[in-house]
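# Understanding the architecture of this molecule
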Amino acid sequence: MGKNEVMMDEFPFPSQFMINTKPLSLMGYGITDIEIHFLQIKFTAIGVYLDPEIVTHLQQWKGKTGTELTENDDFFEAIVNAPVDKFLRVVVIKEIKGSQYGVQLESAVRDRLAEVDKYEEEEEEALEKIVEFFQSKYFKKSSVITYSFPATSGIAKISFATEGKEDSEIKVENANVVEMMKKWYLGGSRGVSPTTISSLAHNLSAELSK
């Protein structure tokens, strides 16, 4: 990707992001939206940054087209599980209360955990902390939520930045919750943003064919 940034809606996403002195590449981008009475309402713009090394973990999909990969949930499972740094940058397009976002995240993660029988007391507590973290926030337009998933540990860092307020962050140390948060954004056909999933598949298909 030669360009230095990609515009999503009206927000620029740099083509690289430094995490712990390591440059991660913008491999996917898109939006979350819904359609009401033929009107598209956009909520957030998303950038997915991955360690370029991820292609070494995806070799079995070499030669597949972006369209084939978009429809292949095993491919996205492999992205989620690959032991490389991952970073998500989510920019608010439409103002909402942080509590609304927190509840969305909580129900998506809880449903996925319940399906695989991993929703226990520890997971519930971890999710409650996340909901609490977002509860008092107000998502003004251009506010930024980031998710940082280190390569090998089952922890994640969520941060929130908005104009005029000090940045805040929370650490999530429950590996099951962390995995399902990744799947909320990167989970193939069940990911929250089909445009991001499609972009990720097409860009990784191009990287794999190099």
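As the structure is a computational prediction, the values presented were derived from the model and not from experiment.

## A few points about a negative patch on the surface
A contiguous patch of negative charge on the surface is contributed by Asp117, Glu120, Glu121, Glu122, Glu124, Glu125, Glu128 and Glu132. Structurally, aspartate 117 can be placed in the loop between helix H3 (98–115) and helix H4 (121–135).

## Notes on the environment of lysine 157
On the secondary structure map, lysine 157 appears in strand S10 (residues 156–161). For lysine 157 and glutamate 169, which are twelve residues apart along the polypeptide, the C-alpha to C-alpha distance reads 6.9 Å. Apart from the residues lying within four places of it in its own chain, the contact partners of lysine 157 are Thr146, Tyr147, Ser148, Glu169, Ile170 and Lys171.

## Describing the UniProt feature "domain: Chalcone isomerase" (unreviewed entry) in the chain
Within the UniProt annotation, "domain: Chalcone isomerase" (unreviewed entry) is assigned to residues 19–206. As annotated, residues 19–206 has a helix share of 38% and a strand share of 30%, and its two end C-alpha atoms lie 24 Å apart.

## So, the packing of aromatic side chains
According to the stated counting rule, one finds 14 aromatic pairs in the structure shown. Ring geometry for tryptophan 61 and phenylalanine 75: centres 5.5 Å apart, planes at 70 degrees, overall edge-to-face. Of the two residues, tryptophan 61 is situated in the loop between strand S5 (39–50) and helix H1 (66–70) and phenylalanine 75 in helix H2 (residues 73–81); the sequence distance between them amounts to 14 residues. With respect to burial, tryptophan 61 and phenylalanine 75 carry one shared label: buried. Between the aromatic rings of phenylalanine 133 and phenylalanine 134, the centroid separation amounts to 5.1 Å while the plane-to-plane angle is 70 degrees, which identifies the pairing as edge-to-face. Neither residue differs from the other here; phenylalanine 133 and phenylalanine 134 are each classed as buried. Chaining the aromatic ring pairs together yields one cluster made of Tyr101, Phe133, Phe134, Phe139, Tyr147, Phe149, Phe160, Trp184 and Tyr185.

About the thresholds
- Residues numbered from 1 in each chain as written.
- Predicted model: local features only at pLDDT ≥ 70, side-chain atom pairs only at ≥ 80, totals over all residues.
- Heavy atoms only, no water.
- Patch = residues over 30% accessible without salt bridge, like charges linked within 9 Å, V, L, I, M, F, W, Y side chains within 5 Å.
- Areas by Shrake-Rupley, 256 points an atom, 1.4 Å probe, with all protein chains shown as cover.
- Salt bridge = Lys/Arg side-chain N within 4 Å of Asp/Glu carboxyl O.
- Lys, Arg positive; Asp, Glu negative; His and termini not counted.
- Charge placed at Lys NZ, Arg CZ, Asp CG, Glu CD.
- Helix = DSSP H or I, 4+ residues; strand = E, 2+ residues; numbered from the N terminus.
- Contact = heavy atoms within 4.5 Å.
- UniProt positions renumbered as here; feature names shortened; annotations may be inferred.
- Phe/Tyr/Trp six-rings, centres within 6.5 Å; stacked < 30°, edge-to-face > 60°.
- Buried < 20%, exposed > 50% of the residue type's maximum accessible area, 1.4 Å probe, protein only.

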